[in-house]
Amino acid sequence: MKVQEFQIDKFARPELTSGGSIKLDGVSGTDILIQGENQSGKTHTFNALLYALLGETIALQRGHGNAVELQLSNDLEIFRGEPGKTVRTDEQEFGPDEAEEIVRRQVGSRDLVHAHFLHSRLSELPLESLPQPKRVTRVLDATNDDLSERIANLQDQVEELEAEAERKIAERNSKERDQSRRQRQLSDIRSQVKKWSTVEELAESGRLEEISNALQRDPELENQIDNLTSEKRSLITDIREKQNERTRAKELEEETREIIIKALEEFICPVCDERVNRSEATTRLDNKQCPFCNQSTDIRDTFSHLETEKQQSEGKLDEIDHELEELRERKNEVESEIQSLKEERPEIADLNSYAVDQLKEFDHDIQSIHAKAKEKRVEAEEALEKYDVKLKNIEDKVTELDEDISDLEEEQEAKKEVIAKLEDEDVSTKLSNFEERWNHHYQQIAPQIAENIHLQRNGEIVLVNEDGRRREYDRRGDLADAEVVLLNISFVIALNQIALDRGSIDWETIVLDEPFAHLDRGIKEDAIAYMRNLDIQFILTSSDEYIWQEFNHATTLSLERQYKLTDFTNE
């Protein structure tokens, strides 16, 4: 696909089209020379073409009120401006909502096509503006083939496996917390069974009646036992509450985002019975959406509330630990006092807290105490059996989830190994093939100065001469400006040919803004001679009369110098 016509009615500055539209038609895919003196609008015209095609500009604030039309060789007509982009193809016109997708589908990758516009500023050239790893990415984009698709599919599968593993991990974490709760409940119920069984045995053996008589004979002892038992119970409650407070304070030490995501692990969607995985929740938070339902919402209040809680809890963990230690010490003291009383009065040695409570509640009615102890022991045993089953189910589910997670992780690793192997073989082959083609074009376009190019896997570019001297593209001072320009032009020529061969793009035009400004006469001659023999369409701007003469085969658009410099506005 090449440029056949374009028309610029408004773009960037009113002076650009103050004398009328900038228009060129009937090109039929031949090279185009946009000539004019400095400040005649050549670079603006370069940017107008880029703007029409991709909606972008290079080193230019394009202003408002633009209106640019572009016609390509497959009867694709593009208009960009106000009220937006429209595309005409196959005698149908499409508005802004569909236009971008049609251009992308027919022309190809935006990133690849953008690389075909080489600005006059060295810093804006493709190899200069792209980070090193992105250079390799562009080459791989251009060499897209079935193997690349296979790698992409495998990568998609790895991402799906990772998402599924995260979902399973979140479910496993939730189940483990549930398991811990059930274990604590079971521990409490076992304690109840043991204590009610003790009360029942004391009543059946007659020992409870002996204890009752001893306490009734000594009201002061009974009162001591009762007070100490009540205090112990109160301390146990306080310790549990303080432990919960400590858990909360410990959680608040984590990042706010992590707190929210962990909280989600407790929730299951009532419709699909699924949990939100960690990566989805993180992405939704980053997009200012509810991490649970994905609805757009302002989550600043949630973050602010949690941050306030975090600030208030700073230093609180040590305070809670200190309070917990004091409570435990007091509990040990109370237990020691109770034990001392039992040792002093052997007749109450078998007394436990439940027996103390029941003697007080039933006013020493042994028969009623016996009946209640039996009833409560049976209830506790039934609850113990029920909770045992629940805990077993949870433990089985945790084991099952662990196995699933292990299988998913193994499958991930297996696919990653395949990807790594394919990438190693694929990338090495593709870079080698591209490097060979790039060298060919560089040797032809710059025979007087060309050296061997080596494109490394990390995107580094090294030039090596016949004597083995190495120079690095990215180390300033190693290369002359002319070398930088010609390396970029030859890079894009190689990129274009490979992308066309592979069907990655349908774009056969390279647009160059003052490409030969840094070149000596002889080097210009070589470059122009080579470019004229290529099937690629070149559109170049130039204020150099020598270039005007040498590029005389091209369709020429002449621009007049602009004498007034202002920014284009709607006013």
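Look up: the structure comes first, before these words.
A brief report on the enclosed structure follows. (Residues numbered from 1 in each chain as written. Predicted model: local features only at pLDDT ≥ 70, side-chain atom pairs only at ≥ 80, totals over all residues. Heavy atoms only, no water.)

1. Details of the overall build of the protein
The helix and strand inventory of the protein stands at 17 helices and 14 strands. A fraction of 71% describes how many contacts in the protein between residues 6 or more apart in sequence connect residues 24 or more apart. Accessible surface for the protein amounts to roughly 30100 Å². Of this, 42% is attributable to carbon and sulfur atoms. (Helix = DSSP H or I, 4+ residues; strand = E, 2+ residues; numbered from the N terminus. Contact = heavy atoms within 4.5 Å. Areas by Shrake-Rupley, 256 points an atom, 1.4 Å probe, with all protein chains shown as cover.)

2. What to know about the sheet that holds strand β9 (residues 452–455)
Here three strands make up an open sheet; going across it, the order is β9-β10-β11 and the pairing antiparallel. Each edge of the open sheet is held by one strand with a lone partner, namely β9 and β11 (470–472). Direction aside, neighbouring strands of the sheet carry axes that sit 30° apart on average. Of the strand pairs in this sheet, β9 and strand β10 (residues 461–464) are connected by four bridges, and their pairing is antiparallel. From the neighbouring strand, histidine 454 faces β10, where its bridge partner is valine 462. (Pairing = 2+ DSSP bridges. Axes fitted to C-alpha atoms, helices over the stretch in contact; angles between N-to-C directions.)

3. Topic: a negative patch on the surface
A contiguous patch of negative charge on the surface is contributed by Glu403, Asp407, Glu409, Glu410, Glu411, Glu413 and Glu417. Relative to the elements of secondary structure, glutamate 411 occurs in helix α14 (residues 366–445). Note on glutamate 411: relative accessible area 37%, which makes it partly exposed. (Patch = residues over 30% accessible without salt bridge, like charges linked within 9 Å, V, L, I, M, F, W, Y side chains within 5 Å. Salt bridge = Lys/Arg side-chain N within 4 Å of Asp/Glu carboxyl O. Lys, Arg positive; Asp, Glu negative; His and termini not counted. Charge placed at Lys NZ, Arg CZ, Asp CG, Glu CD. Buried < 20%, exposed > 50% of the residue type's maximum accessible area, 1.4 Å probe, protein only.)

4. What about the pairing of strand β1 (residues 3–10)?
If a strand is regular, its side chains alternate between the two faces of the sheet. Direction of pairing for β1 relative to strand β4 (residues 67–72): antiparallel, over a ladder of six bridges. Within β4, the position partnered with lysine 10 by the bridge is alanine 67. As paired elements, β1 and strand β2 (residues 22–24) share three bridges and run antiparallel to each other. Counterpart to glutamine 7 in the pairing with β2 is lysine 23.

5. Observations concerning unusual backbone geometry
Here serine 28, not a glycine, exhibits a phi torsion of approximately 60°, which is positive. Looking at where serine 28 falls in the secondary structure, it is placed in the loop between β2 and β3 (32–36). Here aspartate 363, not a glycine, exhibits a phi torsion of approximately 50°, which is positive. Mapped onto the fold, aspartate 363 is located in the loop between α13 (353–361) and α14.

6. Considerations on the nonpolar core
Counting residues in hydrophobic clusters, the biggest one holds 94 residues, and the most contacted among them are Phe6, Leu53, Leu72, Phe117, Trp438 and Ile445. Each residue touching phenylalanine 117, except ones within four places of it in the same chain, is listed here: Phe46, Leu49, Leu50, Leu53, Ile58, Trp507 and Val511. (Core = buried A, V, L, I, M, F, W, Y, C linked by side-chain atoms within 4.5 Å.)

7. Considerations on the packing of helix α5 (residues 132–142) against helix α15 (residues 481–502)
For the pair α5 and α15, the least separation of the axes is 8 Å and the interaxial angle reads 35°. Along the contact surface, α5 presents Arg138, Val139 and Ala142, while α15 presents Phe491, Leu495, Ile498, Ala499 and Arg502. By residue class, the composition of the contact of α5 with α15 is six nonpolar, no polar and two charged. (Nonpolar A, V, L, I, M, F, W, Y, C, P; charged D, E, K, R; others polar.)

8. As for the packing of aromatic side chains
Scanning the entire structure with this criterion turns up six aromatic pairs. Ring geometry for phenylalanine 434 and tryptophan 438: centres 5.9 Å apart, planes at 50°, overall tilted. On the criterion of helical spacing, the pair formed by phenylalanine 434 and tryptophan 438 is a turn pair, its members being four residues apart in helix α14. The two residues phenylalanine 434 and tryptophan 438 agree in class, both being buried. Aromatic side chains phenylalanine 434 and phenylalanine 491 sit 5.4 Å apart centroid to centroid with 75° between the ring planes, which places their arrangement in the edge-to-face category. One end of the pair, phenylalanine 434, is in helix α14; the other, phenylalanine 491, is in helix α15, and 57 residues separate them in sequence. Judged by relative accessible area, which is 1%, phenylalanine 491 ranks as buried. Among the aromatic residues, ring-to-ring pairing joins Phe434, Trp438 and Phe491 into one connected group. The ring of tyrosine 51 is capped by arginine 80, whose NZ or CZ atom sits 5.8 Å from the centre of that ring. Taking the ring centre of tyrosine 546 as reference, the NZ or CZ of arginine 521 above it sits at 4.0 Å. (Phe/Tyr/Trp six-rings, centres within 6.5 Å; stacked < 30°, edge-to-face > 60°. Lys NZ or Arg CZ within 6 Å of the ring centre and 35° of its normal.)

9. Things to note about the pattern of salt bridges
Inspection of every chain in the model, using the stated rule, returns 50 salt bridges. Two residues, aspartate 350 and arginine 207, come together in a salt bridge whose shortest N-O distance is 3.1 Å. With aspartate 350 in the loop between α12 (316–344) and α13 and arginine 207 in helix α7 (residues 207–217), this pair connects stretches of sequence that are 143 residues apart. For aspartate 321, the salt bridge is made with arginine 246, and the minimal N-O distance between the two is 2.5 Å. A residue pair is termed long-range when its members are at least 10 positions apart, and aspartate 321 in helix α12 and arginine 246 in helix α8 (residues 219–251) qualify at 75 residues. For arginine 246, a relative accessible area of 29% corresponds to the partly exposed category. Residues joined in a network through salt bridges with shared partners are Glu56, Arg80, Lys85, Glu100 and Arg110.

None of the figures reported here should be taken as evidence of function without further support.
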